[in-house]
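# Observations on chain architecture
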Amino acid sequence: MPTGPSQATYTRYRGREVYWGSLGFGARFATQYNIPRGKFAMGGGAVIRMHPISYPSRPASYMPLEFEFDIGYDRYLGENHYELSYGGSFILHLASGAWQPYLLASAGRSLGQVDAGRDTRWHMGGGFGVAYRTRKVSLGAQVRGGGYVVPGAGGPLGAEGFVEAKLVGVVYVF
């Protein structure tokens, strides 16, 4: 007799099995364009994703809302400018199935080294993406736009815009 799902993962809701949460780890590769500086940055990093619950009427591979935490290291091409960035994103999946388009909203912080000085900036942005998703693996691409705010800089909050393209692969451990 085959073993069924563990009680910690599934429960009954109005006669249907419901999948409750998951946790995944993965990697990301990103390229970023800083609009006012006209410079490109490239880098990689680690990703942690989790989702709290799926709808009772949907299959277990469909999680409408996921949280993503990202830490990465990026270098601007042709400059002595490095950044360690960390932050989080809310991901809203728009469809179920193997191909899942989604919207995202993100915020975070970048700690940079520019020539002989330090550069600390906060960033916020939003975008869209699409992922090929199975129960244990997600491979996706996303495009995000937003802005940096440099505390204490001149001008209107010292803002700079950016556009970022990211490839993300996640393996869900449970």
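These remarks concern the structure in this document. In this numbering scheme, every chain counts its residues from 1 along its sequence in written order. With pLDDT at 70 or above as the cut-off, local features in this predicted model cover only qualifying residues; side-chain atom pairs require 80 or more to be listed or tallied, and sums for whole chains, interfaces and linings still use all residues. Computation of side-chain values: all heavy atoms of the structure, hydrogens and water removed.

### Overview of the pairing of strand β6 (residues 81-93)
Both strand β5 (residues 65-76) and β6 contribute to a ladder of 11 bridges, which runs antiparallel. Across the sheet, the residue bridging to Arg 75 is Tyr 82, located in β6. Pairing between two strands requires that DSSP report at least two bridges joining them. Secondary structure elements are taken from DSSP: a helix is a run of H or I of four residues or more, a strand is a run of E of two residues or more, and numbering for both begins at the N terminus. The hairpin turn running from β5 into β6, its antiparallel successor, is four residues long, and Gly 78 in that turn takes a positive phi close to 80°. By the bridge criterion, 13 bridges tie β6 to strand β7 (residues 99-114) in an arrangement that is antiparallel. Bridging across to β7, Ile 91 finds its partner in Leu 104. Hairpin connection between β6 and β7: a loop of five residues separates the two successive antiparallel strands, and Gly 97 in this loop has a positive phi of roughly 105°.

### Remarks on the side chain of Glu 66
Secondary-structure assignment places Glu 66 in strand β5. Side-chain polar atoms of Glu 66 contact the side chain of Tyr 172, separated by 2.6 Å. Residues count as neighbours in contact if any of their non-hydrogen atoms are within 4.5 Å of one another. Sequence-distant contacts of Glu 66, defined by excluding residues within four places in its chain, comprise Arg 49, Met 50, His 51, Ser 89, Phe 90, Ile 91, His 93, Arg 133 and Tyr 172. Counted as a polar contact is a pair of N or O atoms within 3.5 Å, where, for protein atoms, one must be capable of donating a hydrogen and the other of accepting one, and residues adjacent in sequence contribute only when both atoms are in side chains.

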